[in-house]
Structure formats: structure tokens, C-alpha cells
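# Structural features, examined
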Amino acid sequence: MGTARNKASRALTSVPVPAASAPKSRATKNLRTAADLAVNGAPPLFTEAVHVGRPNVGNRERFLERTRNILESGWLSNNGPHLLEFERSIADRLGVRNCVAMCNGTIALEIAMRALELHGEVIVPSYTFVATAHALQWQEITPIFADIDPVTQNLDPDSVRRMITPRTTGIVGVHLWGRAAPVAELQAVASERGLRLMFDASHGFGCSLRGKPLGSFGDCEVFSFHATKFFNTFEGGAVVTNDDLLAEKMRLMRNFGFFDYDKVIYTGTNGKMTEISAAMGLTNLESIDNFVAVNRRNYHCYQAEIATIPGLTLLPYDESENNNYQYIVLDVSPDFPVSRDRIIEVLHAEKVLARRYFWPGCHNMEPYRSYYPHAGLVLPNTERVAAQVTVLPSGSAVHAETIHAITSVLRVLASGAV
Ligand SMILES: Cc1ncc(COP(=O)(O)O)c(C=O)c1O
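Counting secondary structure elements, the protein chain contains 14 helices and 15 strands. What you see for the protein chain is a C-alpha radius of gyration of 22 Å, in line with the 22 Å of a compact globule of 418 residues. Once the C-alpha set of the protein chain is aligned to its principal axes, its extents read approximately 70 × 55 × 45 Å. Every one of the 418 residues in the protein chain was classed for burial, and the buried ones make up 53%. A total of about 17900 Å² of accessible surface is found on the protein chain, and carbon and sulfur atoms cover 54% of it. Charge centroids of the protein chain, computed over 40 positive and 42 negative side chains, lie 4 Å from each other.

Pasting the structure below:
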């Protein structure tokens, strides 16, 4: 059982990231009846797989020009000019004093947690990518899973309060889907109880809370710039903070504790971002507005379609904020004639690779499942949401035509005729 789950989670995380230059998928038609479904023997709707997302890549010429400069300079890593420019650009954009760029979001989480001196127990949502919990567990800090608000799908501050014990040292909020966690409420809990507060903002680049960019809240915030994220540096991540001392500590930690050429003054690891990643980041920053525009267009198109299908709801983005609209999050009500998992099977047969997210919840993954076999009892909203949510394809390879075709499948399923 455990082995099967491990295999399943490995399979999920090893999904290949297709090249952005792959040909666009074309729907052959829209579906009208159950007989048109590929699961019933009809040809699939798409001739090529439609992925949940494709990497956002900015101006290729600009990237290649930067790559040529890197190769000519011979400065490939270790605080090179692209890295410094990238960190400054990110900090300025977010209005924070410090950006410490890292090789990926997971190492950035680990270094931030260590720099904040988290230990004992730390409260996290279970409904997140497993790296949020693993970053703690990897350092022998115990993740304690709190429940989410069923409407926002973000941490529920009341559940967080209930999980606090004398061993608790911190809270890690997650801005799930780029929608802000309840920052003020979590800050109130942290301040009252003398806890550190950090955010996993892996989904939140380009998003805001009351007009302020995500990245400037709590003691620090962590971004992932993985290829599948709205904004990517191939692999990469960063911790951003207004705390200069914390930033200094993280800079040491990311570089083996080297203070200067041959003086090590701290325990450290290798968390450095390469020049090529920084060059990709600088290039992609120049195209951020285009990435948002494409995602926003797709989100509105899905929204118009899904609003007319009973039993299906799209997680809304607050239009008074900045959003990156990266995730098209579909909630399948128990009243819908077919289950979420059956919807995914039907879509996969049409070559639409919709995915369950963040199923089955960290508390149902190893080692947490063995450590806390009854955790689900105090995580009812996490269990429900994890069983009902699916993420639909978006990004630059998806157009109105693609969305009409995908939603035509959902409409056939809604008719209950399958
Ligand atoms: C919420 C969340 N946290 C952490 C990570 C880990 O980031 P990375 O893949 O850059 O290590 C991811 C994405 O992969 C994520 O979605």
C-alpha cells in the first residue's frame, strides 16, 4: 500500500515539462453527446496532449544574448552579474529590501526555516505541495497539519490555533493558487503566541494582497521559480525579506557558510542559483505582463463556460488584486453526475491531461500517513477539497477553441448521459 502510494507520488512529480515550442494542440470538434466521447470509442478530441501548463518563456533572442554573455565572461555561478541584477530586480518589483535567490524553491524553504531557527513543531497546511512539509521533516522539524477554509482553500487560522502546543515554534502559510493566505489573522496568532511566521509563496509571484505584492509579509516569503510555475528560471527559487540580518544569514547558508574567499563562519549548504537561471529570470521578467494577459484571457473564457454548468465551480480570483491566473481550479460538487476522478479519466481519454491537485493531501503521503494515521479526522475540509479539485489546462498553448472543446466534454458529463 505504502509502496503503491510512493510510486504514485513519484509519478506525479516526474511528469515531464514539455518544451514551449511544441506544436499547439488542436481540437478536432466540440462534443455533443456521450457517443462522441473517447471513453465510448470515439476518436479523441485532441490530436496531441493538452497539458495543464507549459513553461512560460520570454524573448528567446534576449535569453540567447544573455547566454552568449555568460559563456564569454566564463562566470557561470557564484554571485555573478546576472544573479545580482536578478535579485535587485525581484526585490524592487516586490518592494522588499532583500531577495536571496536559490537553486530551487525547496532548498529556499529549507534555508529560510533553518535561518528562522524553527524547531520542534511547525504548523502547515496539509493541502499544499508536499515540499512545504518535507522541507521541515528533512530538518527533523515536525510538520503539524492544520485544516483549510473550504471556500478559500487556504489555512484556517482557527484550526492553526487549535494545533499550537508548547513545542510549536512557527507557522508556514501557503498562498495557494496565488490567492493570499489570511495574512493578518495568521500574523495575529503568531504575534500573540510568539511564533515565527513565513509564507510559501511558490504560486504567488505577480499576485497581491490589498494591492501589496505577495513577498512582503511575515518574517520572510519563499518563491519557487520551477519550470511549471507562472514565472520560471528553469529551476530556481528565492527567499525575500525585509529583515537584513536574516537575509545575511541565508546568503551565508546558501554558500557553505563562506563569509569571504577562504573564511567559513557558519554551517551551510549549496543553494546557489546559476547565472543561466538568473538570465532566464531576467528575460522572463520582461514578459510578465504577456504571461498574465494570456492566463487572464483563458481564466475568463473558462469562467464564462463553467458558470453555465451546474455542479461545477471555478475557484475565483479577486479582480481587485493583481493575480497571475496560473491555475484553473475546478471544484466538482458531490451533486455532479460523475465523480472528479471519472471526469479526469474521461478528459485523459480526450488527451486533455487535467490533474488532481494536491491529492491526497500531505497527511495521506509518507511518512506523515504512518506517523499520523488519524490526521484526516481533524482535516475534514482538506479531505473534501482534495477529493473534489482538478486543475484544467491553461497557458500559452491553450486558446478559446481549446477551452470550448474541453468544456464541451464537461457539458456532456453534466447531462448525466455517460
Ligand atoms: C506550494 C509549493 N511549495 C514548494 C514547491 C517546491 O518548489 P521547487 O519545485 O522549486 O523546489 C512547489 C513547487 O514545486 C510548490 O508548489
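For the rest of this paragraph, the subject is the site of the ligand. The full set close to the ligand counts 15 residues, and Gly105, Thr106, Asp200, Ser224 and Lys229 are the nearest of them. Within the contact set of the ligand, a nitrogen atom lies 2.7 Å away from a side-chain nitrogen or oxygen of Asp200. At 3.2 Å from an oxygen atom of the ligand is found a side-chain nitrogen or oxygen belonging to Lys229. Relative to its free-state accessible area of 380 Å², the ligand is covered by the protein chains to the extent of 91%. Looking at the shell around the ligand, the elements with two or more residues in it are α4 (105-115) and α5 (131-137). The residue inventory of the shell around the ligand, partitioned by class, reads three nonpolar, 10 polar and two charged.

The subject of this paragraph is a nonpolar patch on the surface. Where nonpolar side chains cluster on the molecular surface, the patch consists of Phe256, Phe258 and Val264 and spans about 240 Å² of accessible area. Looking at where Val264 falls in the secondary structure, it is placed in strand β11 (residues 263-264). Under the relative-accessibility criterion, Val264 is labelled partly exposed at 46%.

Thresholds, definitions, all that
- Residues numbered from 1 in each chain as written.
- Predicted model: local features only at pLDDT ≥ 70, side-chain atom pairs only at ≥ 80, totals over all residues.
- Heavy atoms only, no water.
- Helix = DSSP H or I, 4+ residues; strand = E, 2+ residues; numbered from the N terminus.
- Rg over C-alpha atoms; globule rule 2.2 N^0.38 Å.
- Buried < 20%, exposed > 50% of the residue type's maximum accessible area, 1.4 Å probe, protein only.
- Areas by Shrake-Rupley, 256 points an atom, 1.4 Å probe, with all protein chains shown as cover.
- Lys, Arg positive; Asp, Glu negative; His and termini not counted.
- Charge placed at Lys NZ, Arg CZ, Asp CG, Glu CD.
- Near = heavy atom within 4 Å.
- Polar contact = N/O pair within 3.5 Å; in protein donor to acceptor, adjacent residues only side chain to side chain.
- Nonpolar A, V, L, I, M, F, W, Y, C, P; charged D, E, K, R; others polar.
- Patch = residues over 30% accessible without salt bridge, like charges linked within 9 Å, V, L, I, M, F, W, Y side chains within 5 Å.
- Salt bridge = Lys/Arg side-chain N within 4 Å of Asp/Glu carboxyl O.

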